[in-house]
Amino acid sequence: MTKTFHIRTYGCQMNERDSEALACMLRECGYRQVMAEEEADILLFNTCSVREQAERKVFGKVGILKKLKRRRPDIIIGVIGCMAQNYGRKILDELPHVDLVVGTDRMHLLPEILQDVCTGQRGQVHTEPGTEVLGKLRGHEPGRVSAFISVMRGCNQFCTYCIVPYVRGREKSRPLPDIVREVEEVVAQGAREIFLLGQNVTAYGLAELRDQGEYRPDVSPFADLLLAVNEVEGVERIRFTSPHPRFMNQAFIESITTLPKVCESLHVPLQSGSDRILKAMRRGYTSEDFMACIQAIRERQPEFTFTTDVIVGFPGETPEDFEATRRVMDAAGFEMAYIFKYSPRSGTKAAEMADDVPRALKEERNQILLQDLERRSAAGNDVYIGRTVEVLAEGPSKRNVERWAGRTRTNKVCIFPPAKSIQVGDLVQVHIERATPNSLFGEVL
Ligand code: SAH
Ligand code: SF4
Ligand code: F3S
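Residues numbered from 1 in each chain as written. Chains lettered and ligands numbered in written order. Predicted model: local features only at pLDDT ≥ 70, side-chain atom pairs only at ≥ 80, totals over all residues. Heavy atoms only, no water.

Draft legend 1. Seen up close, the site of ligand 1. In the neighbourhood of ligand 1, 15 residues make up the surrounding shell, with Gln199, Pro269, Gln271, Asp309 and Ser343 lying closest. The separation between an oxygen atom of ligand 1 and a polar side-chain atom of arginine 283 is 3.4 Å. In the environment of ligand 1, an oxygen atom lies 2.6 Å from a nitrogen or oxygen atom belonging to the side chain of aspartate 309. Out of a free accessible area of 550 Å², ligand 1 has 91% covered by protein chains. When contributions to the shell around ligand 1 are tallied by element, the ones reaching two or more residues are β13 (305-312) and β14 (336-341). Per-class residue counts for the shell around ligand 1 are 6 nonpolar, 4 polar and 5 charged. (Near = heavy atom within 4 Å. Polar contact = N/O pair within 3.5 Å; in protein donor to acceptor, adjacent residues only side chain to side chain. Areas by Shrake-Rupley, 256 points an atom, 1.4 Å probe, with all protein chains shown as cover. Helix = DSSP H or I, 4+ residues; strand = E, 2+ residues; numbered from the N terminus. Nonpolar A, V, L, I, M, F, W, Y, C, P; charged D, E, K, R; others polar.)

Draft legend 2. The arrangement of the sheet that holds strand β17 (residues 413-416) in detail. Strand order in this closed barrel of 5 strands is β15-β16-β17-β19-β18, and the pairing throughout is mixed. The mean angle between the axes of side-by-side strands here comes to 50°, regardless of whether they run parallel or antiparallel. Pairing between β17 and strand β19 (residues 439-444): 3 bridges, direction parallel. Pairing of cysteine 414 across the sheet is with leucine 440, part of β19. (Pairing = 2+ DSSP bridges. Axes fitted to C-alpha atoms, helices over the stretch in contact; angles between N-to-C directions.)

Draft legend 3. Local environment of the domain arrangement of the chain. Each assigned domain of the chain is listed here: domain 1 (4-126), domain 2 (140-263), domain 3 (266-382) and domain 4 (388-444). Just the C-alpha atoms count here: the centres of domain 1 and domain 3 sit 33 Å apart. Every contact between the two is made by 5 residues of domain 1 and, on the other side, 4 residues of domain 3. Of the roughly 400 Å² buried where domain 1 meets domain 3, counting both sides, 43% is carbon and sulfur surface. When the area that domain 1 buries against domain 3 is broken down by residue, the three leading residues are Val50, Arg51 and Glu52, summing to 79%. (Domains from an automatic or database assignment. Contact = heavy atoms within 4.5 Å. Buried area = accessible area lost by both parts, 1.4 Å probe.)

Structure representation (structure tokens):
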């Protein structure tokens, strides 16, 4: 009988992308994907280690499956991805009912590993590092308007707070022609928007140039990649995440502000506005460098909107450091941000420093930044009232299925009434009539 599987994904878009490819590979091997966990013979958890909270969720979730396992011993439970890489065999000590642990670099072997597990070889652990996964974990969900494409894996930055370089290994970029071929494939399947993914996309190709002794600070292989994707017929929009400010050079800025398909919205992680804290984080830029990038982009393309990641309560963060973060966020005009309370990760440099900002103060700083954001995004969205914008139609809105949702090029959610003439993936002109801090509302012209 065909075995069914269910994948639950935690963490970042890189994980979402890995899960999508993995599901395609498993379906090709004859497994059937189910959306309901209760219907699955195989339960896979693609996990994240970036903060303690993310790990706790998985330990909790997989922990309570012990009961299910007792009732249905034939069920297969797998912990895969970053936590698997981080803890390896230790996961089995904590959760003995888990049947397989497969790290980030071994994910492409999952079909084979599952076969072994199905024939009784349970308790398998695969965490050997390697780079073959990059080309081998492939396949796309057909019919998506917006397609994720992984352009590199790993990270070489070693920001002092971050576990990603330890669980994802060294930076490795895919060859440009491979990526372009994949873009052409997804476009042929209906994709209109291409989302290029990597932990540090602005460093795309740089490690390879360094190895060949051809690195220069003024080149940007990522800009070359954007140019190549921009030329693929059928691509309407290009987005990417995450760019590291340290590698945002002139060539990159020119490229994103001039290529017609690259959207006018940039998610660029600030982490802190205090130069002292940025140094302790080993980010490799000052608040001034950061603002210079934002200003250079704005001067060339005033339409650009910016979003960011910020950590509050990094070791030693004083009220002055925090105020510096507020000031830079305000100057950059961030309307949306992921704000994280610092969480020490064992093995990182920062974990050796005292986690000395009390939890309540981290929470208070988090709330203050959220209020600042709400105020800015309300003002930022009001600007659209009365204007006509291009929206990529994505289909019925999640909140209200009687309405359709899409995004502007500046990445604002736009809600509009459906019409027979509008299909998923169409670019429509919407006249904005009202706005909230989260969305724009309008009529299709
Ligand atoms: N490569 C991306 C970020 C990947 S991790 C970049 O450098 O921009 C996503 C976000 O998680 C980071 O931007 C950071 O804000 C947050 N983060 C990472 N480690 C953290 C930690 N130990 N505690 C709290 N937040 C953390
Ligand atoms: Fe982590 Fe820094 Fe790499 Fe981003 S750039 S993944 S924050 S080490
Ligand atoms: Fe988490 Fe791994 Fe992404 S640690 S943030 S899922 S790279």
